[in-house]
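# Coordinate analysis (summary)
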Amino acid sequence: MELTLTLDAKSAKPLQAQVFDQVREIILDGQLKAGMALPPSRLMAERLGISRNTVITAYERLAAEGYVRARGTAGLFVEPIPPDSLLLIQRGGQTLTNGPVPDESSEPLLCFAGSPGGGGDRPELDFWVGRSDPVGFPLRIWRRTVNRLLSDETAYLTDYCDPAGLPELRVAISTHLRRARGVSVTEDQIIVTTGGQDALNLVFNLLKSHTRQLCIENPCYLGASLIFRSAGLTIHPVPVDGEGLRTDLLPRERGSLLYVTPSHQFPTGAIMTLTRRLDLLRWAEETDSFIIEDDYDSDFRYDGPPLTALAGLDGGRRVFYAGTFSKSVGAGLRIGFATVPRMFWGEARMLKARMSNGQAWLEQAALAAFIDEGHFDRHLRRLRQVYKARRDCLVEALKRTFDGAVIIGGESGLHLVWQLPVGFPSARQIQVMARERGIGVYALSSGAAYDFDPGAEDNMLVFGYSSLTETQIGDAVERLRLMLDGLV
Ligand SMILES: Cc1ncc(COP(=O)(O)O)c(C=O)c1O
């Protein structure tokens, strides 16, 4: 099929971005249907009177974002359901309205490619975000604890426990939250969930009927976007900058539900300033809105004093806190939790009973003992040292190799962002090229992140460093250097 594109050589927008935007538009409009081929890059370049490399760059970006896929040497073919065709995007505006409920089989999965059961090949050196160190799991203590529990208390395996979660675990979580995050909740404000994702779902379902519109950071965590985008409510993606979510751009209508990651914005790594945290709480009060605070990786802070969570500042009124042990202990445990203001407790417990009637006893009991006996604190202290050394190694290697590279978001958590200098290929291009060389690095619109504005400037490259050794990190940065050497 011949594509009619109109390029403007005088525009400030680069030609490759114009090609990308217009072809993407043609796919979203349905003129180019699933399975149809894009014109070969040489032909397209000739017709448009531009260089073939410009077309190739635009095509690579379309492939990186999942609009098209290469089939060997046959060329590039349109994918069945492009990633954001499920949204009617009001271009130039902020508000998105969901279309029909998305076919989620077309969405990327939250587990990384090549994880056990995740499918696909995994890059040899993968900076996928938020993976805990596989050899850092406290296996010996865990095995001993589980064996002890199994010989002492097997009755719990044949019985139901409280749908809100094992009371000992809820007490242990509330103690940890008070000490580490300044969040003062009792065990009867906590629901144990299947990881953080389930906590987000629980809170969302709890508040759905109180909600008129959804607000979410942009870019944001893919898992949160999946929940929000399937809700059939108006979505306001709110931009983030170096201080976190732009509170001045929040809508003033009443009855919002906001998803936010103030302690380490996912994926940019920004830490929300106290002024903005207080602005957020004021906004929630004034607009009768609620906030889901996703505090997924706050157990790891390397520089500066610990920050009080938003839920700690709020005093249990409007902030629902979602936590997870996926980063601090291991994602395979699938244990997370939500805290709810006291007035929502009964409803939340009932909802959890309706959804799954509680969590498996053994993992909860083992985790409660692990925390109570002081192993969790020791484990965190050790991991913080390991991850800090990896963070330092990555920052040092990037700065040394790429002449003072600008790194942001590395003060805490398990990932950081390299802000690419002017003249470098885009983050998506680097992602595609690096992947061919066995390295997984991720643009803001890929991996476990979601970008409501994929046409935005694409110069942020995300590195999750927690599961790679320092030697692997050094090797990966050297390979990136070799790859970029002739290009910049
Ligand atoms: C920002 C963010 N929130 C929540 C989660 C959910 O974690 P879980 O694996 O416990 O479902 C993750 C996991 O990577 C995450 O990155």
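Residues numbered from 1 in each chain as written. Predicted model: local features only at pLDDT ≥ 70, side-chain atom pairs only at ≥ 80, totals over all residues. Heavy atoms only, no water.

## Observations regarding the overall build of the protein chain
Applied cut-off: Per the convention used, a helix needs a DSSP run of H or I reaching at least four residues, while a strand needs a run of E reaching at least two, with both numbered from the N terminus. Throughout, the radius of gyration refers to the C-alpha atoms, and the reference size of a globule is 2.2 Å times the residue count to the power 0.38. Each residue is placed in one exposure class: buried if its accessible area under a 1.4 Å probe, protein chains only, is under 20% of its type's maximum, exposed if it is over 50%, and partly exposed if it falls in between. Contacts are assigned to residue pairs that have any heavy atoms within 4.5 Å of one another. In this description, accessible areas are obtained by the Shrake-Rupley approach with a 1.4 Å probe, and a residue is regarded as covered only by the protein chains that are shown. In this tally, Asp and Glu contribute negative charge and Lys and Arg positive charge; neither His nor the terminal groups of the chain are included. A single reference atom marks each charge: NZ on Lys, CZ on Arg, CG on Asp, CD on Glu.
For the protein chain, the helix and strand inventory stands at 15 helices and 20 strands. By the compact-globule yardstick of 23 Å for 488 residues, the protein chain fits well, its C-alpha radius of gyration being 23 Å. Dimensions of the protein chain, computed from C-alpha atoms along their principal axes, come out at roughly 75 × 50 × 45 Å. Residues counted as buried form 55% of the 488 residues belonging to the protein chain. Summarising the internal contacts of the protein chain: among those between residues at least 6 apart in sequence, 72% fall at separations of at least 24. Only carbon and sulfur atoms are counted for the fraction: they give 52% of the accessible area of the protein chain, which is about 21000 Å². Both charge centroids of the protein chain, one from 53 positive and one from 59 negative side chains, sit 1 Å from each other.

## Quick notes on the site of the ligand
Operational definition: Note on terminology: near, applied to a residue and a molecule or strand, indicates that one of the residue's heavy atoms is within 4 Å of it. Definition of a polar contact: a pair of N or O atoms within 3.5 Å, with one able to donate and the other able to accept a hydrogen when the atoms are protein atoms, and with sequence-neighbouring residues admitted only if both atoms are side-chain atoms. Put simply, Ala, Val, Leu, Ile, Met, Phe, Trp, Tyr, Cys and Pro go in the nonpolar bin, Asp, Glu, Lys and Arg in the charged bin, and everything else, Gly too, in the polar bin.
Residues in close proximity to the ligand include Gly-195, Gly-196, Gln-197, Tyr-221, Phe-266, Asp-294, Tyr-296, Thr-324, Ser-326, Lys-327 and Arg-334, which together make up its full environment. Gly-196 places a polar main-chain atom, nitrogen or oxygen, 2.7 Å from an oxygen atom of the ligand. Contacts to the ligand include Lys-327, whose side-chain N or O atom sits 2.6 Å from an oxygen atom. Relative to its unbound accessible surface of 390 Å², the ligand loses 91% to contact with the protein. Looking at the shell around the ligand, the elements that each hand over two or more residues are helix H6 (195–207) and helix H10 (326–330). At three residues, the largest contribution of residues to the shell around the ligand is made by H6. Among the residues forming the shell around the ligand, the class breakdown is three nonpolar, five polar and three charged.

## Side note on the pattern of salt bridges
The following threshold applies: A side-chain nitrogen of Lys or Arg and a carboxyl oxygen of Asp or Glu constitute a salt bridge if their distance falls within 4 Å.
One pass over the full model with this rule turns up 28 salt bridges. A cluster of three or more residues bridged by salt bridges with shared partners is formed by Arg-254, Glu-285, Asp-288, Arg-317 and Arg-318.

## Details of the state of the cysteines
By definition, a disulfide is the covalent link that joins the sulfur atoms of two cysteine residues. Stated formally: Cysteine sulfurs are considered disulfide-paired once they come within 2.5 Å of each other.
Within the structure shown, the criterion is met by zero disulfides. Looking at Cys-215, it has no disulfide partner, and the nearest cysteine sulfur is the one in Cys-220, 12 Å off.

## Structural notes on empty space enclosed by the protein
Defined as follows: Think of a 1 Å grid over the protein atoms and nothing else: a 1.4 Å probe that fits but is trapped marks a cavity, an open set flanked by protein within 12 Å on at least five of seven lines marks a pocket, and residues with an atom within 4 Å of a point count as lining. Grid points are joined across faces, edges and corners, and a volume is the space filled by probe spheres set on the points.
Counted by the stated rule, this structure contains five cavities of 30 Å³ or more. In this model, the largest cavity occupies a volume close to 90 Å³. Lining the largest cavity we find His-176, Leu-177, Arg-181, Asp-295, Ser-298, Asp-299, Tyr-321, Gly-323, Thr-324, Phe-325, Ser-328 and Phe-337. Contributions of two or more residues to the lining of the largest cavity are made by helix H5 (167–181) and strand S13 (319–324). A class-by-class count of the residues in the lining of the largest cavity yields four nonpolar, five polar and three charged.

## Things to note about the domain arrangement of the protein chain
Rules: In this document the domain limits rely on a domain assignment from an automatic tool or a database. Summed over both partners, buried area is the accessible surface (1.4 Å probe) that two parts give up on being assembled.
Looking at the protein chain, the domain boundaries give domain 1 (1–82), domain 2 (125–135 + 378–485) and domain 3 (138–373). Contacts between the two partners involve 31 residues from domain 2, matched on the other side by 36 residues from domain 3. Here domain 2 meets domain 3 over a buried area of about 2600 Å², counting both sides, of which 62% is carbon and sulfur. The tally of links from domain 2 across to domain 3 stands at one salt bridge. Where Asp-303 meets Arg-391, a salt bridge forms, and the shortest distance between an N and an O atom there is 2.8 Å. Taken together, the connections running from domain 2 to domain 3 amount to 17 residue pairs in polar contact (both at pLDDT 80 or more). The set of elements that each furnish at least two residues to the side of domain 2 that touches domain 3 consists of helix H13 (375–401), strand S16 (415–419), strand S19 (449–450) and strand S20 (460–464). With eight residues, the single largest contributor to the side of domain 2 that touches domain 3 is H13. Considering only residue class, the side of domain 2 that touches domain 3 consists of 15 nonpolar, nine polar and seven charged.

## Comments concerning the environment of Gln-385
Along the chain, the position of Gln-385 falls in helix H13. A C-alpha to C-alpha distance of 8.5 Å links Gln-385 and Tyr-302, two positions 83 residues apart in sequence.

## Some details on the packing of aromatic side chains
Note the cut-off: We call Phe, Tyr and Trp rings a pair once their centres come within 6.5 Å, taking the six-membered ring for Trp, and we label the pair stacked below 30 degrees between planes, edge-to-face above 60, and tilted otherwise.
Counted under the stated rule, the structure contains 21 aromatic pairs. Considering the side-chain rings of Tyr-221 and Phe-266, the 5.4 Å spacing of their centres and the 80 degrees angle between planes classify their relative orientation as edge-to-face. With Tyr-221 in strand S8 (residues 220–221) and Phe-266 in the loop between strand S11 (256–260) and helix H8 (274–286), the pair connects residues that are 45 residues apart, well separated along the chain. In terms of burial, Tyr-221 and Phe-266 fall into one category: buried.

## Remarks on the sheet that holds S20
Applied cut-off: When DSSP locates at least two bridges between a pair of strands, those strands are taken to pair.
Strand order in the open sheet formed by four strands is S15-S16-S20-S18, and the pairing between neighbours is antiparallel. On the outer flanks of this sheet lie strand S15 (406–408) and strand S18 (442–443), each paired with one strand and no other.

## Focus on the side chain of Thr-145
If you trace the backbone, Thr-145 turns up in helix H4 (residues 139–152). Since its relative accessible area comes to 3%, Thr-145 is described here as buried. Here Thr-145 is in contact with Ala-366 and Ala-369, once residues within four sequence places are set aside.

## Quick look at the pairing of strand S7 (residues 213–218)
The element S7 is extensively covered by neighbouring structure, given that six of its six residues are classed as buried. Neither face of S7 is exposed, since Gln-213, Cys-215 and Glu-217 on one face and Leu-214, Ile-216 and Asn-218 on the opposite face are all buried. Bridge count for S7 against strand S9 (residues 234–241) is six bridges, and the pairing is parallel. Looking at S9, one finds that Ile-216 is bridged to Pro-237. Sheet topology note: the S7/S11 ladder contains four bridges and is parallel. Across the sheet, Ile-216 pairs through a bridge with Tyr-259, a residue of S11.

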